[in-house]
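Spelled out from the first residue to the last, the chains are:
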Amino acid sequence: MRGVAICTDSSALFPVGVAERLGVSVVPIAIAFDGDTFDEHAQEIDDFYALLCDGATATTAQPSPGAFLDAYSAAAAAGAREVLSIHLDARVSATVASAELAADEASIPVTVVDSGTVSFGVGVCVRAAAKAVAAGASAQEAVTVVRRLGSELRNVFVARGGARGRVPDESEWAMLEFADGKTSVREACATVDEAVVGMARRVPPEEPVWAAVGHAADAMRPAADTLAGLLASSPRIINVERYRVGAAVGAHTGPLSFGAFWWPSE
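What counts and how
- Residues numbered from 1 in each chain as written.
- Predicted model: local features only at pLDDT ≥ 70, side-chain atom pairs only at ≥ 80, totals over all residues.
- Heavy atoms only, no water.
- Helix = DSSP H or I, 4+ residues; strand = E, 2+ residues; numbered from the N terminus.
- Rg over C-alpha atoms; globule rule 2.2 N^0.38 Å.
- Buried < 20%, exposed > 50% of the residue type's maximum accessible area, 1.4 Å probe, protein only.
- Contact = heavy atoms within 4.5 Å.
- Areas by Shrake-Rupley, 256 points an atom, 1.4 Å probe, with all protein chains shown as cover.
- Lys, Arg positive; Asp, Glu negative; His and termini not counted.
- Charge placed at Lys NZ, Arg CZ, Asp CG, Glu CD.
- Expected span 1.5 Å × (residues − 1).
- Salt bridge = Lys/Arg side-chain N within 4 Å of Asp/Glu carboxyl O.
- Polar contact = N/O pair within 3.5 Å; in protein donor to acceptor, adjacent residues only side chain to side chain.
- Core = buried A, V, L, I, M, F, W, Y, C linked by side-chain atoms within 4.5 Å.
- Arc of directions from axis to C-beta.

Things to note about the overall build of the chain
Helix and strand content of the chain: 9 helices and 13 strands. Whereas a compact globule of 266 residues would reach a radius of gyration of roughly 18 Å, the chain reaches 18 Å, a difference of no more than 12%. The principal-axis extents of the C-alpha atoms in the chain amount to approximately 55 × 45 × 30 Å. The 266 residues of the chain split such that 52% are buried. Considering only residue pairs separated by 6 or more positions, the chain has 71% of its internal contacts joining residues 24 or more positions apart. Per element, the accessible surface of the chain, about 12,100 Å² overall, is 51% carbon and sulfur. Of the charged side chains in the chain, 20 are positive and 33 negative; the average position of the first set lies 6 Å away from that of the second.

Rendered as structure tokens:
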């Protein structure tokens, strides 16, 4: 265990195995369907979206201070001298507040960082912090990396439900953006194909960027594939990652959601 351990929550949407490879501990956000718990690790994400499409209502709750304290204690037991705990924007979730309560009780110093972003953007910030720490950065230097990157990340997405996963041929697909702690409508599109083109158009071509495209229910995979292809065709986009919108985020965005994040090259 290196001196600085890194912790985050499951809204960071790490693909399977990535957190383990980076040595990052992930505290799960609680997810429930009408009182029944949904376990992101033990249950299939497609089953989650099938329940949403069948009309079930999903709710989420931030991890408890006790869950964070368990993660911090495990890091200390593994030899960490301090913990960097990186989470989604405090303006939309109490996760940061819960982590801060746990930090006050931890046996080693814990720095809780509000990334200023959400969803896959949190994961991008966590990866950057892990890379910095692995290269010898201090916890405070890694905090600077997270805060700078969190302020530079941009995104665009659609968020909606759909009966039994059916993608409407024609309907209003509101193109959204999360920035400055709130979600705003950027454009109204008549079809999902129009939304894909509009999303691709919003990614700035004037500077080199990294990009990532994600989708919720499998019905949205073709739209995400098309969006990823359009972005990958731009000479200014260095690489396009793919990710799946997990239950901690999909509970809020709906099964028929997809979108993109992009951030400047170092």
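Back to the write-up after that little detour.
A word on helix α5 (residues 120-134)
Between its terminal C-alpha atoms α5 stretches 21 Å, which fits the 21 Å expected from 15 residues at 1.5 Å a residue. With 12 of its 15 residues buried, α5 lies for the most part within the structure. All of the buried residues in α5 are F120, G121, V122, G123, V124, C125, V126, A128, A129, A130, A132 and V133.

Some thoughts on the pattern of salt bridges
Per the counting criterion, the structure on display carries 7 salt bridges. Residue R127 is joined to E241 by a salt bridge in which the shortest nitrogen-to-oxygen separation is 2.7 Å. With R127 in helix α5 and E241 in strand β12 (residues 237-244), this pair connects stretches of sequence that are 114 residues apart.

Remarks on the side chain of S85
In this structure, S85 sits in strand β6 (residues 82-87). The class for S85 is buried, based on a relative accessible area of 0%. Engagement of the side chain of S85 in a polar contact is seen with the side chain of H87, the distance being 2.6 Å. Those residues in contact with S85, other than ones at most four positions away along the chain, are C7, Y72, A99, V110, T111, V112 and V113.

Concerning unusual backbone geometry
Although it is not a glycine, L13 adopts a positive phi angle of roughly 60 degrees. Position of L13 among the secondary structure elements: in the loop between β1 (4-9) and α1 (18-22). Despite not being glycine, D180 shows a phi value in the positive range, around 55 degrees. Looking at the element boundaries, D180 is found in the loop between β9 (173-179) and β10 (182-189).

Describing the nonpolar core
Counting 55 residues, the largest nonpolar core has I6, F48 and L84 as the members making the most contacts within it. Among the elements that make up this core, the one with the highest residue count is α5 (10 residues). For F48, the residues in contact, after removing those within four places along its chain, are I31, F33, F38, A58, A247, G250 and A251.

So, helix α3 (residues 65-77)
Compared with the 18 Å implied by 1.5 Å per residue over 13 residues, the 18 Å span of α3 between its first and last C-alpha is a close match. All buried positions along α3 are accounted for by F68, A71, Y72 and A75. One side of α3 carries all its buried residues, which in axial view fall inside an arc of 95 degrees. With respect to the buried face of α3, the exposed residues turned more than 90 degrees away are D70 and A77.

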